[in-house]
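Residue-level listing of the chains:
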Amino acid sequence: MRIGFFGGTFDPPHNGHLSALSAFTAECSLDRVLVMPTGTPPHKAAGKASDTDRLEMARLAFESVKNAEICDYEVKKGGKSYSVETLEWLKTQFPNDEIVLYTGSDMLLSFHKWYKVERILQLCEVSSFSRTGSDRNELEKQALFLRETYGAKVTVHDFSPQIVSSTDVRNAIANGDDISDLVPKKVEEYIKNNALYAPFDLKKAEEILRSRVNEKRYAHCLGVAKTAVYLAEKYGADPKKAEIAGLLHDITKNLSNSEQIAYCRENGIPLDDNELLAPQVIHAKTAEFFVRTELALSDEEILSAIRYHTTGRAEMTLLDKIIYVSDFIEPTRDYSDVDHYRALADENLDTALLEGLKWIICNAVTNNKPMHPAAIEMFNNLVNNK
Ligand SMILES: [Fe+2]
Ligand SMILES: [Fe+2]
């Protein structure tokens, strides 16, 4: 038998994949074709579908293609799989059959750089599809090179797929655009029914925050958001981003220190020794991760302001500074010098930042508490640029 291997993230599968798979099956006279969604890192990135959803969408997208079947080997294995590893596995499953690997044009052109290319070319035949026709010569040249260098079996076919990418589909959904021309009907319905790739929803985020923190913390978050909007307007940052970062900066603060560490371990968030010695800073990291993965927020400026609100860092962005300062001057703070710091923030953001940081450092020194090196780097940077 001739067995095709058609891999991809399929996040989501689209009409371009569907036409490529149909062409692959027909042109290469395949008896069976295994569609292999790739494994993903243990944590789900913002705005991406889960493994279960990708497998189900692949099944729906390709069920009309004769002899195609979905294989969950890479998803079950988890993490990144090298093609050579999957091909070795396929060979154990189908020792007496011919395996044909599908590659797009770009993939064929960089094929000689693939991990263990020589072994791959012993394990399978490679079939490549010229997307535009204009790259045909280049593909033939590369095919010849692979044949001569590795004794590979490579074929090049002409093909004019619908030019669409999974990113196009996700962006269209985020913009509320129609996707009926981009994906198979059943995939469109699945995405809709499961609310996949839904954009960040501030109202929903606020509800989640409310359910996770106590009343006092919730009032603090609202206070930080309000102060951050005020400072953003004053110093020229984006008030909307300031509001979101302020609102969500402490969204995981309800977790205890040991829960923070466990959350990081479960989700592959690296922790350094300084964080383990002073775990109260970790909630900034877990909040960033939570907002990115659970709330589908992908704005790096907001995520960075959340991420650095406890330790700071040498090169703080304007939004980083605004959230850092808002955190200690917002209206529910009532320590004795708070009005002094509020007045400083009104005059000069960097001065307020430095004075606030000095207070934190002095407090740590007085109480024999360790300081995170990022805070020291921030201090050095601020005094050097004064
Ligand atoms: Fe915090
Ligand atoms: Fe806070």
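Up top is the structure.
Before going into details, it helps to say that this report is about the structure given with it. Note that the structure is a prediction, hence the values are computed from the model and not measured.

**Quick look at the pairing of strand β2 (residues 32-37)**
Okay, so step 1: Within β2, five of the six residues are buried, which leaves it mostly tucked inside the rest of the structure.
Okay, so step 2: The pairing of strand β1 (residues 2-8) with β2 spans six bridges and is parallel. Across the sheet, Gly4 pairs through a bridge with Val33, a residue of β2.
Okay, so step 3: Handedness of the crossover joining β1 and β2 through helix α1 (residues 15-27) is recorded here as right-handed.
Okay, so step 4: Relative to strand β3 (residues 68-70), β2 runs parallel, the two being bridged by three bridges. Its bridge partner lying in β3, Val35 is registered against Ile70.

**Re the coordination of the iron ion (ligand 2)**
Okay, so step 1: For the iron ion (ligand 2), every protein donor is listed as His220 (NE2), His249 (NE2), Asp250 (OD) and Asp327 (OD), and the spread of their distances is 2.2 to 2.3 Å.
Okay, so step 2: Linear spacing of the donor residues for the iron ion (ligand 2) on their chain is H-x28-H-D-x76-D.
Okay, so step 3: Separating the iron ion (ligand 2) from the iron ion (ligand 1) is a distance of 3.4 Å, and Asp250 supplies a donor atom to each of them. With His220 in helix α11 (residues 215-235) and Asp327 in helix α17 (residues 318-329), this pair connects stretches of sequence that are 107 residues apart. Here His220 matches Asp327 in class, with each residue buried.

**What to know about the coordination of the iron ion (ligand 1)**
Okay, so step 1: Note on the iron ion (ligand 1): its protein donors are Asp250 (OD), His283 (NE2) and His309 (NE2). The metal-donor distances range over 2.1 to 2.2 Å.
Okay, so step 2: All donor residues of the iron ion (ligand 1) come from one chain, and their arrangement in sequence is D-x32-H-x25-H.

**Observations concerning the sheet that holds β3**
Okay, so step 1: Taken in spatial order, the six strands line up as β3-β2-β1-β4-β5-β6 in an open sheet, and their pairing is parallel. Looking at which strands have only one partner, the edges of the open sheet turn out to be β3 and β6 (154-158). Ignoring strand direction, the axes of neighbouring strands in this sheet form an average angle of 25°.
Okay, so step 2: Helix α2 (residues 51-62) rests against β2 and β3 of the sheet, and its axis sits at about 170° to β3.
Okay, so step 3: Sitting on the sheet, helix α7 (residues 136-150) is in contact with β5 (125-130) and β6, with an inclination near 170° to β6.

**Examining the pattern of salt bridges**
Okay, so step 1: All chains considered together, the criterion is met by 27 salt bridges.
Okay, so step 2: Lys185 is the salt-bridge partner of Glu188, the closest N and O atoms lying 3.7 Å from each other. Of this pair, Glu188 and Lys185 both sit in helix α9 (residues 185-193), three residues apart, roughly one helical turn.
Okay, so step 3: The class for Glu188 is buried, based on a relative accessible area of 16%.
Okay, so step 4: Overall, Lys185 belongs to the exposed group, its relative accessible area being 53%.
Okay, so step 5: Salt bridges here are not isolated pairs; linked through shared partners, they connect Arg2, Glu98, Glu125 and Lys153.

Criteria and cut-off values
Residues numbered from 1 in each chain as written. Chains lettered and ligands numbered in written order. Predicted model: local features only at pLDDT ≥ 70, side-chain atom pairs only at ≥ 80, totals over all residues. Heavy atoms only, no water. Buried < 20%, exposed > 50% of the residue type's maximum accessible area, 1.4 Å probe, protein only. Helix = DSSP H or I, 4+ residues; strand = E, 2+ residues; numbered from the N terminus. Pairing = 2+ DSSP bridges. Right-handed = clockwise from strand over helix to strand, strands pointing away. Donors = N, O, S within 2.8 Å, 3.2 Å for Na, K, Ca; no water. Axes fitted to C-alpha atoms, helices over the stretch in contact; angles between N-to-C directions. Contact = heavy atoms within 4.5 Å. Salt bridge = Lys/Arg side-chain N within 4 Å of Asp/Glu carboxyl O.

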